[in-house]
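# Summary of the model geometry
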2 protein chains.
Amino acid sequence: MTTEHQARKPATIYDVAARAGVSHQTVSRLLLGHDGIRPETRERIQVALAELDYRKNVMASNLRNGRTGMISLAIPSLNQPYFAELAQHVIVAARSIGLTVFVETTEGDPDREREIVSGSRASLVDGILYSPLALGSGDLETIDAGSPIVLLGDRILHSQFDHVTMPNAGGARAAVQHLIAQGRTRIAVIGAEHPSDYGAATLRMQGYHEAMRAAGLPTDARLQVVAGQWVRSDGVTATEQLIASGIPFDSIFCFNDALALGALRALQSAGISVPQDVAVVGFDDTEDASYSVPSLTSVTPHTEQLAELAVTLLDRRIKGMAETTPQDLVSDFDIKVRESSAVS
Amino acid sequence: MTTEHQARKPATIYDVAARAGVSHQTVSRLLLGHDGIRPETRERIQVALAELDYRKNVMASNLRNGRTGMISLAIPSLNQPYFAELAQHVIVAARSIGLTVFVETTEGDPDREREIVSGSRASLVDGILYSPLALGSGDLETIDAGSPIVLLGDRILHSQFDHVTMPNAGGARAAVQHLIAQGRTRIAVIGAEHPSDYGAATLRMQGYHEAMRAAGLPTDARLQVVAGQWVRSDGVTATEQLIASGIPFDSIFCFNDALALGALRALQSAGISVPQDVAVVGFDDTEDASYSVPSLTSVTPHTEQLAELAVTLLDRRIKGMAETTPQDLVSDFDIKVRESSAVS
DNA sequence: TGGTCCGATGTTATCGATAATATCGTAGAG
DNA sequence: CTCTACGATATTATCGATAACATCGGACCA
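Each value, and the rule that gives it
- Residues numbered from 1 in each chain as written.
- Chains lettered and ligands numbered in written order.
- Predicted model: local features only at pLDDT ≥ 70, side-chain atom pairs only at ≥ 80, totals over all residues.
- Heavy atoms only, no water.
- Least-squares fit on C-alpha atoms with pLDDT ≥ 70 in both.
- Contact = heavy atoms within 4.5 Å.
- Domains from an automatic or database assignment.
- Near = heavy atom within 4 Å.
- Polar contact = N/O pair within 3.5 Å; in protein donor to acceptor, adjacent residues only side chain to side chain.
- Helix = DSSP H or I, 4+ residues; strand = E, 2+ residues; numbered from the N terminus.
- Nonpolar A, V, L, I, M, F, W, Y, C, P; charged D, E, K, R; others polar.
- Buried < 20%, exposed > 50% of the residue type's maximum accessible area, 1.4 Å probe, protein only.
- Salt bridge = Lys/Arg side-chain N within 4 Å of Asp/Glu carboxyl O.
- Expected span 1.5 Å × (residues − 1).
- Axes fitted to C-alpha atoms, helices over the stretch in contact; angles between N-to-C directions.
- Parallel < 35°, antiparallel > 145°, perpendicular 65-115°, else oblique.
- Left-handed = near helix turned anticlockwise from the far one by under 90°.

### Some points on the relation of the copies chain A and chain B
By a simple turn and slide, chain A fits onto chain B: the slide is 0.0 Å along the axis, the RMSD is 0.1 Å, and the turn is 180°. Each copy turns onto its partner about a two-fold axis. Taken as a fraction of all interface residues of chain A, those also at the interface in chain B reach 100%, which identifies the copy contact as same-surface.

Here it is in structure tokens:
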């Protein structure tokens, strides 16, 4: 009502230049912060910019520069709290160094995972943070992305790419040691042998074995349960399976929080009390863990730090300032002891 | 090892054209699926494309077309399960019609919310799905985005923009009716009067009052608790407050699941059993709700449908095929009755 | 007082894909 | 047998920003 509506077509630097009575190049120079512009000219241009409500056409700029300031984050799904939180941290870390993040969800579909790096969208971003679930290391070797890639998460194999991982084995070992310290001896595991060679499962399993062996405790293969996609419903199923088997256990180490929350749920439904009858420990320390009933003890892999390491490393690669050999970074971890495994 | 490594510089249609002995335009025509190319020529080009591992330069294409096939989704944070799930659904819905989604998190910061629509990144996307938290309707009126905007969520005021909302009042009414049907009469509310004129709070409160009035039940203002950002910790705080006040209540209707999960947590810590002593109902039906202990009764706003409505509407706007008057779409809803409010 | 250098700005080329227009050769019409 | 029309392909212009290079008018020095 107050002022008339602006026209639809956005103004270009040419429009601004015409209005200010200078050449487009002078406008560009000002916009880029280059010097060598007379104050008076500068003033006129700035007025024109404001009057025309100039906004840079990012596409044109991108084409010319060959850079977009965008990176992809490829994860299975935002429905999984761990990945949602990871994404959030990546977005924040990226923003702090001037990058924007494209969240690409693959739903664990190998085709889509492949497409992330080879599809045309890959040419749009300056780099990719990649958390492959379905693709094995074999597939990865043959990848030829146009832009730098940093692998996030859990591969075992060293490859041509940078890795930023959480302390899988160490965290698992600590988790199991914690259970042992609480007097638990029959420690079940949920999440063993993840489908595909998802490294996390293997490494966490390894940590479990190390801790058990160090304590002189036998491991019982029947207490090591596989669990589909590591989501809550898988935790329920696996736990029901454990209970139904009749094999005694006094605690469960779940390979992520979603599984653990499912386990809590299933134990409660079966009338088994936590932590009195069975202690439960998770991994990831997603926000849910603090608010479940009982609250969940969990290994916190410092996701924020992990995200920042990954983004920083990727940025260095993009700028071509990283070392030539693939880097392997590991975040810190802690154990957050909560009700689900506290001494009663 | 098997084949030599490709050069770094990606091939352009000019490179392909040169290799195939045709003009770049012919290559372009083939890539766009236009006809009028001799099979033999077509064949030669296809070989060249493959040999050079051609990938379209999306930036150039974008510049020329004036379209990017990308939309922004502006939400407060992926750390909030409701928004994470919403984002996931939006991403999937968008993908099904060929759009990619930029998830922009604002952390509820007004400046960042403003920047979403006015910043230069706005010119990069074809449209924006916008879920403003901090910005009031006043701010919104003055917005002049270059691209179409669809508001997601919970504004009351009708504005110049399209809205896609969940059935706030209806859902709340149904939730309260459900509690009443269970014999509850002293029904507390957590989430009242959200800071800023966040419409959801007002509308849900309205539904609450309607249901109470319809049942001839008095409402007690002291049982209506404000709760910061509607995250879990706010639910804990608000519930503790309620308990400490000493005012009797037999149920809590929380304005979202996060608050409800916090409430469950706080009730449990205080030794109050759910649903025997106090029934709890949430709103959003995030995945957590099914897995909490006890599982949480919640209003499910059919987020998937909501996401699809929003994406479809935005797409129609982008293509200029929507009606000229702002649309107001509302998704369906259901109540998922679970343990937290089941008759004992 | 003429020449050189430099500050301030203008011109032109470029990024890669795509649309609009032009060209060439030949098959069918008159 | 020449002219037209059309299929197949090539040339040129365009999107908007930016880099490289060009120009123009003094100021300063010899």
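Resuming the write-up.
### Things to note about the domain arrangement of chain A
The domain architecture assigned to chain A consists of domain 1 (13-56), domain 2 (66-166 + 303-332) and domain 3 (168-302 + 335-341). The C-alpha centroid of domain 3 of chain A is placed 62 Å from the C-alpha centroid of domain 1 of chain A.

### Topic: the protein's contact with DNA strand D
Around DNA strand D sit 27 residues, and of these Tyr-54 and Arg-64 of chain A together with Ser-23, Thr-41 and Arg-64 of chain B come closest. When atoms of DNA strand D within 4 Å of the protein are sorted by moiety, sugar and phosphate together comprise 54%. In the model, a base oxygen of DNA strand D is placed 2.8 Å from a nitrogen or oxygen of the His-24 of chain A side chain. Those elements that place two or more of their residues in the surface near DNA strand D are α1 (13-20), α2 (24-31) and α4 (58-65) of chain A together with α2 (24-31) and α4 (58-65) of chain B. The residue inventory of the surface near DNA strand D, partitioned by class, reads 8 nonpolar, 14 polar and 5 charged.

### Regarding the environment of Ala-270 of chain A
Residues and elements named next belong to chain A. Turning to its location among the elements, Ala-270 is positioned in the loop between α11 (257-269) and β9 (279-283). According to the relative accessible area criterion, Ala-270 is partly exposed, its value standing at 43%. Considering only alpha carbons, one finds Ala-270 and Thr-239, 31 residues apart in sequence, at a separation of 9.9 Å.

### A look at the environment of Ala-227 of chain A
For Ala-227 of chain A, the location among the structural elements is in the loop between β7 (224-226) and α10 (232-245). When the C-alpha positions of Ala-227 of chain A and His-34 of chain A are compared, they lie 58 Å apart, and in sequence the two are 193 residues distant.

### Some remarks on the pattern of salt bridges
For the structure shown, the criterion picks out 26 salt bridges over all chains. Taking the shortest distance from any N to any O, the salt bridge between Asp-162 of chain B and Arg-317 of chain B comes out at 2.4 Å. Of the two residues, Asp-162 of chain B is situated in strand β5 (residues 162-165) and Arg-317 of chain B in helix α13 (residues 303-318); the sequence distance between them amounts to 155 residues. Like Asp-162 of chain B, the residue Arg-317 of chain B is buried in the burial classification. The structure contains a network of salt bridges with shared partners spanning Arg-95 of chain A together with Glu-107 and Arg-112 of chain B.

### Regarding α11 of chain A
Residues and elements named next belong to chain A. Between the first and last C-alpha of α11 there are 18 Å, a value that for 13 residues agrees with the 18 Å anticipated at 1.5 Å per step. Of all 13 residues in α11, 11 are buried, a share of seventy percent or more. Those residues of α11 lying buried are Asp-257, Ala-258, Leu-259, Ala-260, Leu-261, Gly-262, Ala-263, Leu-264, Arg-265, Ala-266 and Leu-267. Put simply, Asn-256 is the residue that caps the front of α11, since its side-chain oxygen is 3.2 Å from the backbone nitrogen of Ala-258.

### Digging into the packing of helix α5 (residues 81-96) of chain A against helix α13 (residues 303-318) of chain A
Residues and elements named next belong to chain A. It is at 8 Å that the axes of α5 and α13 come closest, and there the two elements cross at 50°. Compared by their axis directions, α5 and α13 come out oblique. The two elements α5 and α13 meet at a crossing, and its hand is right-handed. Each of Tyr-82, Leu-86, His-89, Val-90, Ala-93 and Ala-94 in α5 lies in contact with α13, whose residues at this interface are Thr-303, Glu-304, Leu-306, Ala-307, Glu-308 and Val-311. When its residues are assigned to classes, the contact of α5 with α13 shows 8 nonpolar, 2 polar and 2 charged.

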